[in-house]
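What follows is the residue order along each chain.
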Amino acid sequence: MIAFFVNLLFVFFGKYTKAKGIFLTGNTGVAHAQAFLWLVIYIFGFGTLTSSIVAGIILGIFWAYGTTLPIKTINHVTNDAGFTIGHNQMFGIWFFGKIGRFFGDPEKEDAEKLSLPGWLGVFDHNVTAIAIIMTIFVGGFLLSIGIPNVQELAGKEHWLIYIIKLGLQFSMYMVILLQGVRMLVGEINQSFKGIQERLIPNAVPAVDVAALLPFSPNAATLGFIFTTLGTVFTMGLLVLFKSPIMVLPGFVPLFFSGGPIGVVANKYGGYKSTIICTFLLGIIQTLGTVWAILISGVGNSIGWTGMFDWATVVPFITEIMRFVAKVFGLG
């Protein structure tokens, strides 16, 4: 609540602060608040009330500028749909919007116009492509624990049918998500007009990152694939160089960073840009997560959000907090 109030305050005084975005993604906001609260308690050693206030102020500023920074990029991708993103890759969307244009031609190499030859043509339809890819992805992870354990999860179903059903269900949920997001963004934009007209004229609603997926579903699928490949490649490097921490990626950072950033890269540089940018994203998220865990105090047996902002900007903020704590003898 403190973070949201600080965010509103910065946008209200946007003439001076240049902030425009208002973070509205509730579930992600709660997760952010938990993480920042932990970092403040761990680094500064404050009590409950002081920690809550300090964490709220830092997070509110983070939201105000994190949602504002990618507005131009999102307007370009969505043809001025009237929203920005409030999630875990706000700075990442801006960053890849800047570099994505150097890797291809969006007019000649648009992922949505990509036509695959022969039997590969089945992947031209994004729903079919997602179903096949997710069946392979889920199957690979499940089979790593052994067929007997997969069969135990499947219950009375055959383990292979269980894996296929999971892949198909994901594709179904993806269609529901894309349709639902379209409706959500439309409703938010309509309801937000009152705030824009009467209270904060320059305010822009910041919604869930899934709002970008419908603008290029094929690029989102490509982004997911190559973020996964970039992550696996970097995991190999961690093993090679005997890293004290091994990052095991979850589906969320692979898809909900790789997908939207793939959409952004495609808009600026086509499918080649999507491939290069999201492979790089996998590397950044993996190495950045190692950095974050090493300095956050959570230890090497605890998870970390791992998406772009939390593998780059948040560790940087953490380093600043650690420096301040050291200067003032806190913690």
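Residues numbered from 1 in each chain as written. Predicted model: local features only at pLDDT ≥ 70, side-chain atom pairs only at ≥ 80, totals over all residues. Heavy atoms only, no water.

### Comments concerning a nonpolar patch on the surface
A grouping of Trp 291, Phe 316, Ile 320, Phe 323, Val 324, Val 327, Phe 328 and Leu 330 is seen on the molecular surface, where their side chains present a nonpolar patch of about 780 Å² in accessible area. Per-element accounting of the nonpolar patch gives the leading share, five residues, to helix H13 (residues 313–327). Examined against the element boundaries, Trp 291 turns out to sit in helix H11 (residues 251–296). (Patch = residues over 30% accessible without salt bridge, like charges linked within 9 Å, V, L, I, M, F, W, Y side chains within 5 Å. Areas by Shrake-Rupley, 256 points an atom, 1.4 Å probe, with all protein chains shown as cover. Salt bridge = Lys/Arg side-chain N within 4 Å of Asp/Glu carboxyl O. Helix = DSSP H or I, 4+ residues; strand = E, 2+ residues; numbered from the N terminus.)

### Focus: the nonpolar core
Ranked by internal contacts, the top residues of the largest apolar core, which has 72 residues, are Phe 36, Phe 62, Phe 83, Ile 85, Ile 93, Leu 212 and Leu 213. A per-element tally of this core places H11 first, with 13 residues. With sequence-adjacent residues up to four places away left out, Phe 36 is seen in contact with Ala 55, Ile 58, Leu 59, Phe 62, Trp 310, Val 314 and Ile 317. (Core = buried A, V, L, I, M, F, W, Y, C linked by side-chain atoms within 4.5 Å. Buried < 20%, exposed > 50% of the residue type's maximum accessible area, 1.4 Å probe, protein only. Contact = heavy atoms within 4.5 Å.)

### Focus: a positive patch on the surface
Taken together, the side chains of Lys 15, Lys 18, Lys 20, Lys 72, Lys 98 and Arg 101 define a basic patch exposed on the protein surface. For Lys 18, a relative accessible area of 59% puts it in the exposed group. (Lys, Arg positive; Asp, Glu negative; His and termini not counted. Charge placed at Lys NZ, Arg CZ, Asp CG, Glu CD.)

### Description of the pairing of strand E3 (residues 204–207)
Both faces of E3 are covered, namely the face carrying Val 204 and Ala 206 and the face carrying Pro 205 and Val 207. With three bridges connecting them, strand E1 (residues 21–23) and E3 associate as parallel partners. If you follow Phe 23 over to E3, its bridge partner there is Ala 206. (Pairing = 2+ DSSP bridges.)

### Describing unusual backbone geometry
Trans peptide bonds make up most of the peptide bonds, and negative phi angles are found at most residues other than glycine. Positive phi, close to 60 degrees, is recorded for Asp 80, a residue that is not glycine. Tracing the backbone through its elements, the reader meets Asp 80 in the loop between helix H5 (71–78) and strand E2 (84–85). The backbone phi angle of Lys 242 is positive, close to 55 degrees, even though this residue is not glycine. In this fold, Lys 242 is placed in the loop between helix H10 (217–240) and H11. Among the residues examined, Lys 242 registers a relative accessible area of 75% and is labelled exposed.

### Notes on the packing of helix H6 (residues 90–99) against H11
It is at 9 Å that the axes of H6 and H11 come closest, and there the two elements cross at 120 degrees. The angle between H6 and H11 places the two elements in the oblique class. Where H6 crosses over H11, the two elements pack in a sense that is right-handed. On H11, the residues touching Gly 92, Ile 93, Phe 95, Phe 96, Gly 97 and Ile 99 of H6 are Ile 261, Val 264, Tyr 268, Cys 277, Leu 280, Leu 281 and Ile 284. Among the residues making up the contact of H6 with H11, the classes are represented as 11 nonpolar, two polar and no charged. (Axes fitted to C-alpha atoms, helices over the stretch in contact; angles between N-to-C directions. Parallel < 35°, antiparallel > 145°, perpendicular 65-115°, else oblique. Left-handed = near helix turned anticlockwise from the far one by under 90°. Nonpolar A, V, L, I, M, F, W, Y, C, P; charged D, E, K, R; others polar.)

### Structural notes on the environment of Thr 228
Along the polypeptide, Thr 228 turns up in helix H10. Along the sequence, Thr 228 and Gly 250 sit 22 residues apart, while their C-alpha atoms lie 9.8 Å from each other. Not counting chain neighbours up to four residues away, the residues in contact with Thr 228 comprise Phe 137 and Leu 254. For Thr 228, the side chain forms a polar contact with the main-chain oxygen of Phe 224, separated by 2.8 Å. (Polar contact = N/O pair within 3.5 Å; in protein donor to acceptor, adjacent residues only side chain to side chain.)

### Remarks on the side chain of Thr 25
By secondary structure assignment, the location of Thr 25 is in the loop between E1 and helix H3 (26–44). A relative accessible area of 5% places Thr 25 in the buried class. Residues within four places of Thr 25 in sequence aside, it is in contact with Gly 86, His 87, Ala 206, Val 207 and Asp 208.

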